[in-house]
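Structural features, examined
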Amino acid sequence: MSLNQLIEKCKIDDTKAQGELYKLFSSKLFSLCLKYSRNRVEAEDNLQDAFLTIFKKIGQYKHTGSFEGWLKRITVNTVLQRYRNEKVFDIVNENIIEDVELEVDEDTVSIDYLLQIIQELPDRYRLVFNLYVLDGYSHKDIAEMLDINIGTSKSNLARARHSLKETIENHKKLKSLQSLS
């Protein structure tokens, strides 16, 4: 069955087609959920919520543009809606911080470690960092998606980079000390 046929069957609530669509895209969308969620369990919940929304809104898909892109947009919006509802973007009285460049030496910091420390960032920093750095959204787009102002998006990105830089520098120092002993 072609993807277009599968989509059309999902539009009429064919549960077998919905199961096939889930099998086809769940691993890609789960990876996306992991990137924006606090942990694996939350990512699993977000994936289920995203598929419920996908099946509810699939009738709105008009076969223009990438279907996978449409799925990803719904998934990201589903995850971000959870955070908007939890008020993780409430204004916090923080000093303005200057944005820093984040350089990663692959010999000192593994990709796995970098992904781990990104996951450990506070929600508002992690979400903006992922949207801006990993997914290429503009601050204007991020502000609209998260219902925050552009300045807050920029500030959260700067704080995320500062936190990551500090964590990486501490990691490097620790590795250096370990190599001396």
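All of these numbers come straight from a predicted model, not from anything done at the bench.

1. A few points about the overall build of the protein chain
- The number of helices and strands found in the protein chain is eight helices and zero strands.
- Beginning at the N terminus, the succession of helices and strands in the protein chain can be written as α-α-α-α-α-α-α-α.
- Residues counted as buried form 39% of the 181 residues belonging to the protein chain.
- Within the protein chain, contacts between residues at least 6 apart in sequence are counted, and of these 71% link residues at least 24 apart.
- Here the protein chain displays about 10800 Å² of accessible surface, and carbon together with sulfur accounts for 49% of that area.

2. What about the packing of aromatic side chains?
- Overall, the coordinates contain six aromatic pairs when judged by the stated rule.
- On the basis of an interplanar angle of 40° and a centroid distance of 5.7 Å, the ring pair of Phe51 and Phe55 is categorised as tilted. Taken together, the residues Phe51 and Phe55, both in helix 3 (residues 40-57) and four residues apart, mark about one turn of the helix. The exposure classification of Phe51 matches that of Phe55, with both residues buried.
- Seen from their ring centres, Tyr61 and Trp70 are 5.4 Å apart, and the 55° between their planes marks the pair as tilted. Like Trp70, Tyr61 is buried.
- Through a chain of ring-to-ring contacts, three or more aromatic side chains come together here, namely Phe25, Tyr61, Phe67 and Trp70.

3. A short note on the confidence of the model for the protein chain
- The share of residues in the protein chain with pLDDT of 70 or more is 87%, and the mean pLDDT across the chain is 87.
- Throughout residues 90-94 the model reports pLDDT below 50, and contacts reaching past four residues in sequence, or to other chains, amount to five contacts.

4. Considerations on the pattern of salt bridges
- Tallying each qualifying case throughout the model produces ten salt bridges.
- Among the ionic pairs, Arg126 bridges to Asp123, the shortest N-O distance being 3.1 Å. Residue Arg126 and its partner Asp123 are located together in helix 6 (residues 123-134), separated by three residues, close to a single helical turn. Pair check on accessibility: Arg126 and Asp123 agree, each one buried.
- Here Lys140 ties to Glu144 by a salt bridge, and the two come within 3.3 Å at their closest N and O atoms. In this pair, Lys140 and Glu144 are both assigned in helix 7 (residues 139-146), four residues apart and thus about one turn of the helix distant.
- With a relative accessible area of 53%, Glu144 lands in the exposed category.
- Three or more residues joined by partner-sharing salt bridges are found here, namely Arg38, Glu42, Asp123 and Arg126.

Cut-offs applied
- Residues numbered from 1 in each chain as written.
- Predicted model: local features only at pLDDT ≥ 70, side-chain atom pairs only at ≥ 80, totals over all residues.
- Heavy atoms only, no water.
- Helix = DSSP H or I, 4+ residues; strand = E, 2+ residues; numbered from the N terminus.
- Buried < 20%, exposed > 50% of the residue type's maximum accessible area, 1.4 Å probe, protein only.
- Contact = heavy atoms within 4.5 Å.
- Areas by Shrake-Rupley, 256 points an atom, 1.4 Å probe, with all protein chains shown as cover.
- Phe/Tyr/Trp six-rings, centres within 6.5 Å; stacked < 30°, edge-to-face > 60°.
- pLDDT = per-residue confidence, 0-100.
- Salt bridge = Lys/Arg side-chain N within 4 Å of Asp/Glu carboxyl O.

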